[in-house]
Amino acid sequence: MKSSFSIIFTLIILFSIGSCKRKNGSNFTESFEDFGISMLHPKFEKLESYGFDQKHLPATDNSGVLMAGSKEHTITLFWFTNPFPGEMKTEEEYSNMKLRLASEVAQWERAEQDFKVNPGNYLTSPVGHRVFFQTWSYKDASARVYGATSVWYCKQSRRIFQLNILNTSENNDSLIRKYLDGFKCHG
């Protein structure tokens, strides 16, 4: 599973770098509704969904990947049903999600020579989810690429979500908040 995730994430980075254009701002007037998810977003030039660990399988309410690109930025949203019984209630369980994310960011940092990571932060989404997010950047051959990765658990749907954003401006902190403001993962 870890190697599948690494391959998928590498493809996401390649897709995202190719889709990023230099334009700031977002107009979140479009709506995506499927797989038990509702999300406001800017108009996407490309939007595709598929199974979480195999691109040839379709996404379901239980797991999947949504990749989308606009003129402003690209996003990748992962979701999967919590494989463990019970709910995440303790700081330790949230810390485990944070450690998973920190481990992924550390892998990217080792892979890129000019990779900069900002300290992570917690925020509470409008529907009450405790979200950990971290912003980062690296320099590719032509420009500096800015990213943000966030992770949270929805007790109502028993799903873990991870939202990644890439663009060529440093506004990922505000983009994470915009997506969370228009995001619903349970009725």
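Coordinates for the structure precede this section.
Since the structure is predicted, the reported quantities are computational estimates derived from the model, not experimental observations.

Visitor: I'd love a proper account of the pairing of strand S9 (residues 144–154), names of residues and values included.
Guide: For S9, the tally of buried residues reaches 11 of 11 residues, placing the bulk of the element in the interior. The side-chain alternation of S9 yields two buried faces, one formed by Arg144, Tyr146, Ala148, Ser150, Trp152 and Cys154 and the other by Val145, Gly147, Thr149, Val151 and Tyr153. In this sheet, S9 lies alongside strand S8 (residues 130–139) in antiparallel orientation, the contact comprising 8 bridges. Directly across from Gln134, in S9, lies its bridge partner Thr149. In sequence, S8 turns back onto S9 through a hairpin of 4 residues. For S9 and strand S10 (residues 159–167), the ladder comprises 9 bridges, and the chain directions are antiparallel. Considered in S10, the bridge of Tyr146 is made with Asn167. If you look at the hairpin formed by S9 and S10, you'll find 4 residues sitting between the two strands, and Arg158 has a positive phi there, around 55°.

Calculation rules
Residues numbered from 1 in each chain as written. Predicted model: local features only at pLDDT ≥ 70, side-chain atom pairs only at ≥ 80, totals over all residues. Heavy atoms only, no water. Buried < 20%, exposed > 50% of the residue type's maximum accessible area, 1.4 Å probe, protein only. Helix = DSSP H or I, 4+ residues; strand = E, 2+ residues; numbered from the N terminus. Pairing = 2+ DSSP bridges.

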